[in-house]
Amino acid sequence: MRRLLPLLGHSGGSRDAMTCMYRCGNACDHPAPNTSDNPYLGDVVNASMSRRGVMRAGAAGALVLGVSGATVGAAVPATAAPAPVAAGPAPKPGKAGKISFKAIPPNTLDNLVVPNGYDSAVVIRWGDPVVAGAPEFDLGRQTAKRQSQQFGYNNDFVGVLPFGNSNDRALLVVNHEYTNENLMFPGFTSLDALSVEQIKIAMAAHGMSVVEIERVGRTGQWKPVESRRLPYNKRITALETVFKLTGPVAGTPAVKTKADPKGQWVIGTLNNCAGGVTPWGTVLSGEENFNQYFVGGDGVTEADKPKLNRYGITTTARYPSDSRKWERAQERFDLAKHPNEANRFGWIVEVDPFDPDAPPRKHTAMGRFKHEGANVIVAKSGHVVAYMGDDERFDYLYKFVSEKKYRPGDRKHNLTLLESGTLYVAQVTGDSPAAEIDGTGKLPSDGAFDGTGKWIKLVSGNKSFVPGMTVADILTYTRLAGDKVLATKMDRPEDVQPSLRTGKIYAAMTNNTNRAVGTNPGVDEANPRSANKHGHIFEITENKGDHTGESFTWTLPIVCGDPAAADTYFGGYDKTAVSPISCPDNVAFDSAGNLWISTDGNALGTNDGLFATPIEGSERGHLRQFLTVPRGAETCGPFITGDDRSVFVAVQHPGEITGATVEKPVSTWPDGDYAKPSVVVSWRLDGGPIGS
Ligand code: FEO
Ligand code: CA
Ligand code: CA
Ligand code: CA
């Protein structure tokens, strides 16, 4: 008899129980790990249709079946220079982007839906060959070795980095956040019953992929280059890829292990969620819910237990029932035997896709938490500033300012920028009376959820700014440092990204159904709704436009949910003209500066999707739904190419609904058999820019 996973009980959020189990180790079922008495802001203030089928839909809801076929042309060897990426900010004040596509209606179809006038196609799917000579996917013959050469599972971040000035050749860099063994292995019964080889397959399906892609004809469609020689294509895995630790924590006792007595090299990366592309042509990737891969937390010293707890690692049982069982394949995941191994995860990873031989690096100067991702902007001073979110209920927003300055064209120098600098955490204050923030989402009398904020310095170079903590302590146990300096507890800060057009920063607060519930922290102006089911967007304006500064103003341009509900807000725009949106997760910009938002866990009962809105001028808040993903999936990426002609999204965990298996899938997207996480590209049929 098929036994379902343990602990599929679930959870205050809107995600399916199976997603909670595999993606974040049932984070919602555990108490939020931030139990610090760091007061919340309120306290501070007051004291499937066909193989590779795609669908298009009009606003009226009429759905039209379209086709898209991947044709394969001859490959041309690529040249190795990365394209110059806009180093921003390039403010062009008041120039509002225009969006012209007609919003698609919410739906529950098992397909990818884009507006009329657009098409879409799968670029690459789980199991497709990546490395030159990789075997074709064969579900019944899968091995860790084969998976290590093929596209991994559950694609999340997507970056497209062009070669030189080419409009037609690029490297696609993708995160593979986690695996779902129920949907990967025929005959799955339980994680305990997996063979060691199957566990290694899962480890090889984690990580990242680099894939050379080319434009299809003169359209906005892209496809993998097919060639016997693919010098840039590679897989980075949790199983065997070696990472170099950089920055102040490298070589310190907290990261030394039996296998790495000098604390310099780490095998693998875990739970890579969102990320960003740097102006020097590399990719940053966030190691997020790394806690769920470890057992044996009960075996560490009493002094270390609070440090593990603050990161969500169980210390009361040897084998937490929702662990991934990886210690059966590699002993290092047992903290009772290797207590420092967990300290080697939870970092920002930098990958140089244009130098396939360079080891990827984990930058300890950027702090250790459940990193959603990191996005950078070059400040007026030339310093590079990275904005980052810690994706957990009641956790914090951070920024990192490089010690050295960006040098245009000096790639070797720029590759060192994230190895040393200053790390800050955000503390925000509302400007309305606390009594007007009543938890219902009703706007205060000044008409906005808004206020001011401070960037509190935690560490700068080799100097600690947190009493009682060394530099290495602060960077290794960054959450504890944030607690001490009274950082503001936010509603799950996910992707944070500066607009290179205006220099303003946008952060997605996905949701927090625990807000003001029971003994949990109450509402504040920056997190104004009790039991926040639908999330909101947090907009930061650095004072004097100085990204290296220590003060900012903020506002909530969008408070998500059903626009017909009183507790939602869309920049003051007419709410009868906007699309419903729930659980914003990733943000991105097109070159006109329009804000694109993808969702994870739509609590309105329809499929997740991708949305776009102008964020400046009179159209601010005119949010429209561009795309929906198939049943059970979340929309990740998104990435709009520099020419605005293509938008890439990652369709993550299609068909991930409790009870689904390979044999009895709930989604058969994209090929009509069983669900396969895939990267998709959408483009305008007339070749015009996406969105406008
Ligand atoms: Fe992997 Fe924060 O979502
Ligand atoms: Ca206000
Ligand atoms: Ca995410
Ligand atoms: Ca982003």
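Residues numbered from 1 in each chain as written. Chains lettered and ligands numbered in written order. Predicted model: local features only at pLDDT ≥ 70, side-chain atom pairs only at ≥ 80, totals over all residues. Heavy atoms only, no water.

### Comments concerning the environment of tyrosine 674
Piece 1. Tracing the backbone through its elements, the reader meets tyrosine 674 in the loop between strand E34 (646-652) and strand E35 (678-684).
Piece 2. Take tyrosine 674: its relative accessible area is 12%, and that puts it in the buried class.
Piece 3. Considered as a pair, tyrosine 674 and proline 654 are 20 residues apart in the sequence and their alpha carbons are 9.3 Å apart.
Piece 4. When sequence neighbours within four positions are dropped, the list of residues in contact with tyrosine 674 reads Trp126, Phe137, Leu139, Val662, Pro665, Ser667, Thr668 and Trp669. (Helix = DSSP H or I, 4+ residues; strand = E, 2+ residues; numbered from the N terminus. Buried < 20%, exposed > 50% of the residue type's maximum accessible area, 1.4 Å probe, protein only. Contact = heavy atoms within 4.5 Å.)

### What to know about the coordination of the calcium ion (ligand 3)
Piece 1. Coordination of the calcium ion (ligand 3) by the protein is provided by Cys273 (SG), Glu372 (OE), Glu494 (OE), Asp585 (OD) and Asp585 (OD), with metal-donor distances spanning 2.4 to 3.0 Å.
Piece 2. One way to put it: the six donor atoms around the calcium ion (ligand 3) meet at angles of 48 to 160°, and that makes the site irregular.
Piece 3. Donor residues binding the calcium ion (ligand 3) come from one chain and are separated in sequence as C-x98-E-x121-E-x90-D. Highlighted residues: glutamate 372 in strand E16 (residues 371-378) and glutamate 494 in strand E24 (residues 493-498), separated in sequence by 122 residues. (Donors = N, O, S within 2.8 Å, 3.2 Å for Na, K, Ca; no water. Tetrahedral: all angles 85-135°; square planar, octahedral: opposite > 155°, others 65-115°.)

### A look at the coordination of the calcium ion (ligand 4)
Piece 1. Surrounding the calcium ion (ligand 4) are the protein donor atoms Asp495 (OD), Gln497 (OE1) and Val587 (O), which sit 2.1 to 2.3 Å from the metal.
Piece 2. In primary sequence terms, the donor set of the calcium ion (ligand 4) follows D-x1-Q-x89-V. Taken as a pair, aspartate 495 in strand E24 and valine 587 in strand E29 (residues 584-589) lie far apart in primary sequence, 92 residues in all.

### A look at the packing of aromatic side chains
Piece 1. All chains considered together, the criterion is met by 21 aromatic pairs.
Piece 2. On the basis of an interplanar angle of 85° and a centroid distance of 6.4 Å, the ring pair of phenylalanine 101 and tyrosine 118 is categorised as edge-to-face. Taken together, the positions of phenylalanine 101 in the loop between strand E2 (63-66) and strand E3 (113-115) and tyrosine 118 in strand E4 (residues 118-125) put the pair 17 residues apart, joining distant regions of the chain. Comparing phenylalanine 101 with tyrosine 118, the two get one shared label, buried.
Piece 3. Look at phenylalanine 294 and phenylalanine 345: their rings are 6.0 Å apart centre to centre, the planes differ by 55°, and that puts the pair in the tilted class. (Phe/Tyr/Trp six-rings, centres within 6.5 Å; stacked < 30°, edge-to-face > 60°.)

### A word on a nonpolar patch on the surface
Piece 1. Together, Val242, Trp265 and Ile267 give the surface a local cluster of nonpolar side chains, amounting to about 250 Å² of exposed area.
Piece 2. With respect to the helices and strands, tryptophan 265 occurs in strand E11 (residues 265-267).
Piece 3. The class of tryptophan 265 is partly exposed, set by a relative accessible area of 40%. (Patch = residues over 30% accessible without salt bridge, like charges linked within 9 Å, V, L, I, M, F, W, Y side chains within 5 Å. Areas by Shrake-Rupley, 256 points an atom, 1.4 Å probe, with all protein chains shown as cover. Salt bridge = Lys/Arg side-chain N within 4 Å of Asp/Glu carboxyl O.)

### Re the sheet that holds strand E10 (residues 242-246)
Piece 1. Strands sit in the order E11-E10-E15-E14-E13-E12 across an open sheet of six strands; the sheet is mixed. Among the strands making up the open sheet, the edge pair consists of E11 and strand E12 (272-277). Here the strands of the sheet are splayed against their neighbours by 30° on average, with no regard to which way each runs.
Piece 2. The pairing of E12 with strand E13 (residues 283-287) spans four bridges and is classified as antiparallel. Following the sheet pairing, asparagine 272 is matched in E13 by glutamate 287. (Pairing = 2+ DSSP bridges. Axes fitted to C-alpha atoms, helices over the stretch in contact; angles between N-to-C directions.)

### So, the sheet that holds E4
Piece 1. Pairing within the open sheet is antiparallel, and its four strands lie in the order E4-E35-E34-E33. Whereas interior strands pair on both sides, the edge strands pair on one side only; in this sheet they are E4 and strand E33 (634-640). Within this sheet the neighbouring strands show an average axis-to-axis angle of 25°, counted without direction.

### Some points on the state of the cysteines
Piece 1. Inspection of every chain in the model, using the stated rule, returns zero disulfides.
Piece 2. The thiol sulfur of cysteine 24 is not disulfide-bonded, and the nearest other cysteine sulfur, from cysteine 20, lies at 5.2 Å.
Piece 3. A relative accessible area of 12% places cysteine 24 in the buried class.
Piece 4. Cysteine 273 provides the cysteine sulfur closest to cysteine 636, a residue in no disulfide bond, and the two sulfurs are 6.5 Å apart. (Disulfide = S-S within 2.5 Å.)

### Structural notes on the pattern of salt bridges
Piece 1. Applying the stated criterion across every chain, the model contains 45 salt bridges.
Piece 2. For aspartate 192, the salt bridge identified is with lysine 325, shortest N-O distance 3.5 Å. A residue pair is termed long-range when its members are at least 10 positions apart, and aspartate 192 in the loop between strand E6 (169-176) and helix H4 (196-205) and lysine 325 in the loop between helix H5 (305-310) and strand E14 (348-351) qualify at 133 residues.
Piece 3. One salt-bridge network, held together by shared partners, links Arg310, Lys370, Asp390, Glu392, Asp395, Arg479 and Asp483.

### A closer look at the confidence of the model for the protein
Piece 1. Per-residue pLDDT for the protein has a mean of 91; in total, 90% of the residues score no lower than 70.
Piece 2. Element-level pLDDT for the protein is lowest in E2, with a mean of 28, against a maximum mean of 99 in strand E15 (residues 361-363).
Piece 3. Low pLDDT, under 50, characterises residues 1-11; the stretch is placed with 31 contacts to residues that sit more than four places away or in other chains.
Piece 4. Of the regions scoring below 50 in pLDDT, residues 41-80 engages in 107 contacts with residues more than four places distant in sequence or in other chains. (pLDDT = per-residue confidence, 0-100.)

### Describing the pairing of E35
Piece 1. Of all seven residues that make up E35, seven are buried, and the element is covered over most of its length.
Piece 2. Alternating residues of E35 divide into Ser678, Val680, Ser682 and Arg684 and Val679, Val681 and Trp683, and every residue in both groups is buried.
Piece 3. In terms of strand pairing, E4 meets E35 through seven bridges, oriented antiparallel. Bridge assignment links aspartate 119 to a residue of E35, and that residue is tryptophan 683.
Piece 4. Across six bridges, the pairing between E34 and E35 is antiparallel. For phenylalanine 648, the partnering residue across the bridge sits in E35 and is valine 681.

### Notes on the nonpolar core
Where a protein is soluble and globular, its nonpolar side chains tend to be buried together.
Piece 1. If you look at the biggest cluster of nonpolar residues, it comprises 113 residues, and the most contacted ones within it are Leu172, Phe294, Leu458 and Phe648.
Piece 2. For this core, the leading source of residues is H4, giving six residues.
Piece 3. Contact partners of leucine 458, with chain neighbours within four places excluded, come to Tyr398, Leu423, Tyr424, Val425, Ser464, Phe465, Val466, Ile474, Thr478, Ala481, Gly482 and Val485.
Piece 4. Core analysis: the next-biggest nonpolar cluster, separate from the first, contains 25 residues, Ile505, Met509, Ile540 and Leu556 among them. (Core = buried A, V, L, I, M, F, W, Y, C linked by side-chain atoms within 4.5 Å.)

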